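Architecture and fold: a report
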Amino acid sequence: MSKVVFLEDAVEGMILSDPIINNMGQTLLPPGIVLAPQHLRILKTWNIKLIHIKESETEEENEISPELLKLAEEILAERMNWTPSIDIEKDWIKASLQLLAMKLQKKGNSYDQS
Amino acid sequence: MINLDGIIQRINEFPTLPTIYSNLMDVMVNPRSTAMDVADVISKDQASASKVLKAANSSIYGFQGRVTNISQAVMFLGFEEIKNLITALSIIDLFASIKTKNAINPINLWKHSIAVGTLARTIGKTAGVKEIENYFLAGILHDLGKLLFYKIIPESYAKVINYSIENKISAREAELKIIGTNHLIAGEILAEKWKLPLPIRNVIRYHSAGTISGKSDILVSCVHIANLTANLFGFGTDGKEIIQQPNKIAWDDLELPNNFFTSNMNKFQSEYEESVKLLLKNK
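Anyway, here's the lowdown on the structure attached to this text. Note that the structure is a prediction, hence the values are computed from the model and not measured.

Quick word on the interface of chain B and chain A
Listed per partner, the contact involves 40 residues of chain B and 31 residues of chain A. Buried area between chain B and chain A, summed over both chains or domains, comes out near 3300 Å², and the portion from carbon and sulfur atoms is 60%. Between chain B and chain A we count one salt bridge in total. A salt bridge links Lys 168 of chain B to Glu 78 of chain A, with the shortest nitrogen-to-oxygen separation between them at 3.6 Å. Scanning the region where chain B abuts chain A turns up eleven residue pairs in polar contact (both at pLDDT 80 or more). Of all the secondary-structure elements, those providing two or more residues to the side of chain B that touches chain A are α14 (218–233), α15 (248–254) and α16 (260–279) of chain B. Residues of the side of chain B that touches chain A, tallied by class, amount to 14 nonpolar, 17 polar and nine charged.

So this is what it looks like as structure tokens:
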């Protein structure tokens, strides 16, 4: 999985997921390159604004505990007074619970429930 | 209490859109205008030119890293998309002077609007819409009435927000109670003053309902779902708003795949973050 970052936010060690191509169609840097300070300098010289970098997808990062999902359900229940009835609505709610649980995980369970 | 007449009077005193917008409209209505003429107008406004380039290279439009000058941006995006992008940028600039006061945080409202813009575009594409040009703009502007309230009656609107949270009711119900009108009506009046196109005015007026007087409209359906999704997913909100059940007519209109949200949620999150950074940099 990749994400787009502004060159000014790119740091040494990030891995290019897509090639960098100039407006003549020439490949300036291939995918898979681990960005070093000299790459960042050159990209700046070429006036490249945005680059695609690889995102880490380790199991531990994506795994959400059942406890966090339960907490997410409780938080969401406070904001809903209806029950999803069709498949797309159930998928909509499921996605929001996963996103909320991930946020809770990032915040180390310090989510403000007030 | 302020009433609709008071709001209308304040709207009449409200500024028109910036010069770059009117200059661009003048060039675009001329059938002899070329991409170079349009690029000339944009290039004269440095701030807009830089943002157009960044937007063209972002995942919103998908020409990542390939658009290096304004002429290319005009050719790649097309007149219609460029016009909509400049309209969005002009309106963001116009409201940028809103000062943060009390409970009101306009940055969150902008973040929410940008989220609705990116979501509306993605939902529209998935729903098979071919002419997607005004979906991002429609999403950005759906809450024009709220932006107006933030600008002209910040103290009253802070009360609206608190009232809505305390009583667990929607913003428009709280607006009716405190202001005597709602952001859907006020937004439509401002959109008419600015002569924004009818599809955009329809979104501003009907995005909460999800239909135009019971009849489906694909753009309104998209923004309706995108708006509720941004609220549900916590994009640009503090996660306390009541989640309204979407209008079934809007779901039926869009015919989205049943796993659409779970399979795209990471993409939604990254597109939202990228667009906020792009359009609200230094804010």
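Describing the environment of Val 74 of chain B
Residue and element names in this part refer to chain B. Within the secondary structure layout, Val 74 lies in helix α5 (residues 70–77). What makes Val 74 buried here is its relative accessible area of 2%. Remark: the alpha-carbon pair of Val 74 and Lys 51, spanning 23 residues in sequence, is separated by 13 Å. Contacts of Val 74, omitting those with residues within four sequence positions, involve Ala 35, Val 38, Ala 39, Ile 42, Phe 79 and Ile 82.

Some remarks on the pairing of strand β4 (residues 50–54) of chain A
Strand residues, when the strand is regular, have side chains that alternate between the two faces of the sheet. Residue and element names in this part refer to chain A. β4 sits mainly inside the fold: four of its five residues count as buried. Sheet topology note: the strand β1 (residues 2–6)/β4 ladder contains five bridges and is antiparallel. The residue bridging Val 5 from the neighbouring strand is Ile 51, located in β4.

Here's the deal with the packing of aromatic side chains
Throughout the structure, instances matching the rule amount to 13 aromatic pairs over all chains. Aromatic side chains Phe 235 of chain B and Tyr 272 of chain B sit 4.6 Å apart centroid to centroid with 10° between the ring planes, which places their arrangement in the stacked category. Placement of Phe 235 of chain B in the loop between α14 and α15 and of Tyr 272 of chain B in helix α16 is noted, with a sequence separation of 37 residues between them. On the accessibility criterion, Tyr 272 of chain B (9% relative accessible area) is buried. Among the aromatic side chains, those forming a connected cluster through ring pairs are Trp 82 and Trp 92 of chain A together with Phe 233, Phe 235, Trp 251, Phe 260, Phe 261, Phe 268 and Tyr 272 of chain B. Positioned above the aromatic ring of Tyr 206 of chain B is the side chain of Arg 205 of chain B, whose terminal nitrogen or guanidinium carbon lies 5.5 Å from the ring centre.

Describing empty space enclosed by the protein
The full count for this structure, using the stated rule, is two cavities of 30 Å³ or more. There is about 90 Å³ of room inside the largest cavity. Class assignment for the residues of the lining of the largest cavity results in four nonpolar, four polar and one charged. Taken as a whole, the second largest cavity encloses approximately 40 Å³ of empty space. Grouping the constituent residues of the lining of the second largest cavity by class yields three nonpolar, one polar and two charged.

Here is what the cut-offs are and how they apply
Residues numbered from 1 in each chain as written. Chains lettered and ligands numbered in written order. Predicted model: local features only at pLDDT ≥ 70, side-chain atom pairs only at ≥ 80, totals over all residues. Heavy atoms only, no water. Contact = heavy atoms within 4.5 Å. Buried area = accessible area lost by both parts, 1.4 Å probe. Salt bridge = Lys/Arg side-chain N within 4 Å of Asp/Glu carboxyl O. Polar contact = N/O pair within 3.5 Å; in protein donor to acceptor, adjacent residues only side chain to side chain. Helix = DSSP H or I, 4+ residues; strand = E, 2+ residues; numbered from the N terminus. Nonpolar A, V, L, I, M, F, W, Y, C, P; charged D, E, K, R; others polar. Buried < 20%, exposed > 50% of the residue type's maximum accessible area, 1.4 Å probe, protein only. Pairing = 2+ DSSP bridges. Phe/Tyr/Trp six-rings, centres within 6.5 Å; stacked < 30°, edge-to-face > 60°. Lys NZ or Arg CZ within 6 Å of the ring centre and 35° of its normal. 1 Å grid on protein atoms, 1.4 Å probe; cavity = no way out; pocket = protein on both sides within 12 Å on 5 of 7 lines; lining within 4 Å. Points joined across faces, edges and corners; volume = space filled by probe spheres on them.

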